[in-house]
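Coordinate analysis (summary)
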Amino acid sequence: MSVLIITEQSDKKIKKQSLESISYGVAVSKLLNVDAIAIVLGPSDDVLSSLGEYGVKKVIHQQTIGSIFSDSRSASILLNSICDQEKAQMIIFSNSLFGKSVAPRLSVKLKAGLVTGAVKLPEISNGFSVRRSVFSGKAFADVKITTPTKIITLNANAFEINKTRGNAEVIESNIEITPSNITVIETKKNEGNISLADADKVISGGRGLKGPENWGMIEELAKLLGAATACSRPVADSNWRPHHEHVGQTGVAISPNLYIAVGISGAIQHLAGVNRSKTIVVINNDPEAPFFKAADYGIVGDAFQVMPKIIEAVKNLG
Amino acid sequence: MKILVCISRTPDTTAKISFIEQNTKFNPEGVQWIINPYDEWYALVRAIELKEKDASTIIHLINIGTNENEAIIRKALALGGDEAIRVDSGIDDAYHISEQIANVAKDGYDMILTGKETIDHNGSAIGGMVAEMLDCNYISLATKLDIENGNAIVSREIEGGEERLSAPFPIVISCQKGMAEARIPNMRGIMAARTKPLKVLAASANETHTSINNFDLPPAKAGVKLIPADTPELLVKLLREEAKAI
Ligand SMILES: Cc1cc2nc3c(=O)[nH]c(=O)nc-3n(C[C@H](O)[C@H](O)[C@H](O)COP(=O)(O)OP(=O)(O)OC[C@H]3O[C@@H](n4cnc5c(N)ncnc54)[C@H](O)[C@@H]3O)c2cc1C
Ligand SMILES: Nc1ncnc2c1ncn2[C@@H]1O[C@H](COP(=O)(O)O)[C@@H](O)[C@H]1O
């Protein structure tokens, strides 16, 4: 029996979100008294034995992966083989684009109950239940999984990375990939900046910024802090900013450590996508803006006067 | 081309979220119910647009739920779609719902469209499960969908970008922003919807894998700490020293 953690890489390096999943999987394996195994997919520049520092005993590295990141079918067939081999009783994914497309398929293959968007370690004292985020971040549900094998996808920034010491055994796996009948016609990268889904910090602008020509200060602050940029829906709808930056109920849902909202009123549909952020800062010239009720820190003031001073202060941080 | 669009019922985006019966049930009092926005704006409207391009397209809608869902099913029919199927079930489990959809979908549909997620469950699970049950392709989080030379041409979000894929039918696709523009039903649609067939089927199996024990609301925020507008550098200091966020 084992807990398998499916990791993902970006530029051949294990993603931060996957390190959170590993730490979570290791904590779950301790609860269940079994070993934790990390699965690494595709070529990697990381020293995989060092994943032992996060508490896994074993790393299974499948170098050849075909197009599993575009084809959930061949991905789930591959992972199913590994689960069988390792007698997995529990599989952990990140609640990422990959996790969202593959975990549901694997759950049907393994007849394993699935909980997506977990935010806490499972409770195992009375059955097996996991807390997940529901109602677009406005509530939680404790969901009981009633099947022997279980799958959890973990929300970003919901579990702290836990690093100590250790060394993992690395096993090279060479499972044949099922051919895909999906053809990739084209792949496009969004311009330069950090992807919203992965971002630890996000700087976001709303209609209060008046026009696209005023986004320089948002971009400058984002660059200084290593943050991604985002916007409210009307801003994307007016084509002031690209659509993939739109956060909220109908856009991207994010849960960064820091969310700074500039000139955004804080409509309920906007909050639904950002209310899982750890620290929320609101800059708005209207003291009655509803966003202040959801904020940790606020400045009532004109963004055009406040932002340059914030940028100055960040530059002086050193 | 035969398309099955999966539609679900959710509380309105502005609904106040609270719970009853020792926090085991959602409190429906005063709540307005809507078609889940992703299902309506993106999956259904895109299916209608494809039908407008090719009149031989047939659109069926499916919902798994109790008869309380019929109002939103009629509204969906008013937007478009030829007929609707409701599988009568009150069981709220992704595996169960998927099994019902797959059971209907296996009868010769080329495309099964779902929303990216329901805004109450946020499961993002049904599409993938249905595809696995049908042993067909699943493309998640699609932002564009066209049909060319007997294939689905789909753009989808990937980490930090977008990819364009071509895939044969049958296929399950989960839809999100970019697919189509929201529409409102017109009078003719509303009238037509009254007489469009709405078939009710009994649930075909009752295997479930999960159940909800209880709900909880997040702890209230401590309240905002306001920083005077003339000393924004204080904010930076607090973010570093107190919140440890930068
Ligand atoms: C079904 C549905 C789904 C929706 N989904 C989303 C979604 O996913 N995401 C989303 O964002 N919205 C969504 N919306 C829209 C949402 O209801 C709001 O209309 C939108 O979020 C408002 O955007 P805003 O805050 O940028 O603009 P406004 O509401 O116009 O707010 C601008 C703010 O800027 C402030 N301001 C003005 N000038 C300055 C200045 N000089 N300095 C500082 N502050 C200034 C104003 O006081 C005001 O609070 C949805 C709506 C519906 C009905
Ligand atoms: N009860 C239901 N009946 C029909 N379709 C559903 C139902 N629940 C969910 N769906 C579809 O599955 C999608 C994803 O739902 P979920 O996995 O719950 O986030 C929704 O956007 C709908 O298209």
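Residues numbered from 1 in each chain as written. Chains lettered and ligands numbered in written order. Predicted model: local features only at pLDDT ≥ 70, side-chain atom pairs only at ≥ 80, totals over all residues. Heavy atoms only, no water.

1. Re the packing of helix α2 (residues 70–79) of chain B against helix α5 (residues 187–195) of chain B
Residues and elements named next belong to chain B. Basically, it comes down to this: Axes, fitted as lines to C-alpha atoms, cover a helix only where it is in contact. Angles between the N-to-C directions of the axes lie from 0 to 180 degrees. A run of H or I in DSSP becomes a helix once it reaches four residues, and a run of E becomes a strand once it reaches two; helices and strands are each numbered from the N terminus. Under this scheme an angle from 65 to 115 degrees is roughly perpendicular, one under 35 degrees roughly parallel, and one over 145 degrees roughly antiparallel; angles in between are oblique. It is the rotation of the near helix from the far one that decides the hand of a crossing: anticlockwise by less than a right angle makes it left-handed, clockwise makes it right-handed. It only takes one pair of heavy atoms within 4.5 Å for two residues to be counted as in contact. Only Asp, Glu, Lys and Arg are considered charged in this grouping, and only Ala, Val, Leu, Ile, Met, Phe, Trp, Tyr, Cys and Pro are considered nonpolar; every other residue, Gly among them, is considered polar.
Interhelical geometry of α2 versus α5 gives an angle of 125 degrees and a closest axis separation of 7 Å. In terms of axis orientation, α2 runs oblique to α5. Our pair here, α2 against α5, has a crossing hand that is right-handed. Facing Arg 74, Leu 77 and Ala 78 of α2, the residues of α5 in contact are Gly 189, Ile 190, Ala 193 and Arg 194. When the residues that make up the contact of α2 with α5 are grouped by side-chain class, the tally is four nonpolar, one polar and two charged.

2. Some thoughts on the domain arrangement of chain A
Residues and elements named next belong to chain A. Rule in force here: Segment limits for the domains were obtained from an automatic or database-derived domain assignment. By convention, the term buried area covers the 1.4 Å-probe accessible surface removed from two parts as they join, with the contributions of both added. In the sections that follow, a salt bridge refers to a side-chain nitrogen of Lys or Arg positioned within 4 Å of a carboxyl oxygen of Asp or Glu. Whenever two N or O atoms come within 3.5 Å, that pair is a polar contact, provided that in protein one can donate a hydrogen and the other can accept it, and provided that, for residues adjacent in sequence, both atoms are side-chain atoms.
Assigned domains within chain A: domain 1 (2–173) and domain 2 (201–317). Each of domain 1 and domain 2 was reduced to a C-alpha centroid, and the two centroids are 32 Å apart. Taken together, the contact between domain 1 and domain 2 spans seven residues of the former and eight residues of the latter. Between domain 1 and domain 2, the buried area comes to about 630 Å², and carbon and sulfur atoms account for 33% of it. When the area that domain 1 buries against domain 2 is broken down by residue, the three leading residues are Ser 136, Lys 138 and Asn 157, summing to 63%. Inspection of the domain 1/domain 2 interface yields zero salt bridges. The interface formed by domain 1 and domain 2 contains five residue pairs in polar contact (both at pLDDT 80 or more).

3. A closer look at the sheet that holds strand β15 (residues 225–226) of chain B
To be explicit about the condition: Being paired, for any two strands, means DSSP has found at least two bridges between them.
A sheet is described by the order of its strands in space; here six strands give the open sequence β14(A)-β13(A)-β15(A)-β16(A)-β17(A)-β15(B), paired in parallel fashion. The open sheet has two free edges, formed respectively by β14 (228–231) of chain A together with β15 of chain B, since each of these has just one partner strand. Here strand β17 (residues 297–300) of chain A runs beside β15(B); their pairing, made up of two bridges, is parallel. For Gly298(A), the partnering residue across the bridge sits in β15(B) and is Leu226(B). Packed onto the sheet, helix α7 (residues 303–315) of chain A meets β15 (258–262), β16 (279–284) and β17 of chain A and runs at close to 135 degrees relative to β16(A).

4. Structural notes on the packing of aromatic side chains
We apply this condition: Here a Phe, Tyr or Trp ring, Trp counted by its six-membered ring, pairs with any other such ring whose centre lies within 6.5 Å, and the pair is stacked when the planes are under 30 degrees apart, edge-to-face when over 60, and tilted otherwise.
A full pass over the atoms with the stated rule returns twelve aromatic pairs over all chains. Here the aromatic rings of Phe19(B) and Phe215(B) are separated by 4.4 Å at their centres, their planes lie at 5 degrees, and the arrangement is stacked. Separated by 196 residues along the polypeptide, Phe19(B) in strand β3 (residues 19–20) and Phe215(B) in strand β14 (residues 210–216) bring together distant segments of the chain. Grouping aromatic residues by their ring pairs yields a cluster made of Phe135(A), Phe19(B), Phe26(B), Trp33(B) and Phe215(B).

5. Examining the side chain of Thr10(B)
Residue and element names in this part refer to chain B. This is how the line gets drawn: Partly exposed residues are those whose accessible area sits between 20% and 50% of the maximum for their type, while under 20% is buried and over 50% is exposed, using a 1.4 Å probe and protein chains only.
With respect to the helices, strands and loops of the structure, Thr 10 is situated in strand β2 (residues 9–11). Judged by relative accessible area, Thr 10 falls into the buried class, the value being 0%. Discounting chain neighbours no more than four positions away, the residues touching Thr 10 are Gln 32, Trp 33, Ile 34, Ile 35, Asn 36, Pro 37, Thr 118, Ile 119 and Asp 120.

6. Structural notes on the nonpolar core
Put simply, the rule reads: Here, the term nonpolar core denotes a set of buried Ala, Val, Leu, Ile, Met, Phe, Trp, Tyr and Cys residues that are joined through side-chain atoms within 4.5 Å.
By size, the foremost hydrophobic cluster in this structure holds 39 residues, and its most contacted members are Val5(B), Leu61(B), Met111(B), Leu113(B), Leu145(B) and Ile173(B). With eight residues, the top contributor of residues to this core is helix α1 (residues 37–53) of chain B. Core analysis: the second largest hydrophobic core is formed by 38 residues, Leu19(A), Tyr24(A), Ile92(A) and Val134(A) among them.

7. Thoughts on the site of ligand 2
Residues and elements named next belong to chain B. Short version of the rule: Summary of the distance rule: residues count as near a molecule or strand when at least one heavy atom falls within 4 Å of that molecule or strand. Calculation of accessible area relied on Shrake-Rupley with a 1.4 Å probe; when residues are assessed, cover is drawn exclusively from the protein chains displayed.
Near ligand 2 you find 19 residues, and of these Cys 6, Asp 39, Ile 64, Ser 124 and Ala 125 are the closest. Contact distances for ligand 2 include 2.9 Å between an oxygen atom and a backbone N or O atom of Gly 115. For ligand 2, the protein covers 94% of the area, taking 490 Å² as the surface of the free molecule. If you list the elements that add at least two residues to the shell around ligand 2, you get β6 (58–65), α3 (94–105) and β8 (111–115). Of the residues in the shell around ligand 2, the class split is eight nonpolar, nine polar and two charged.

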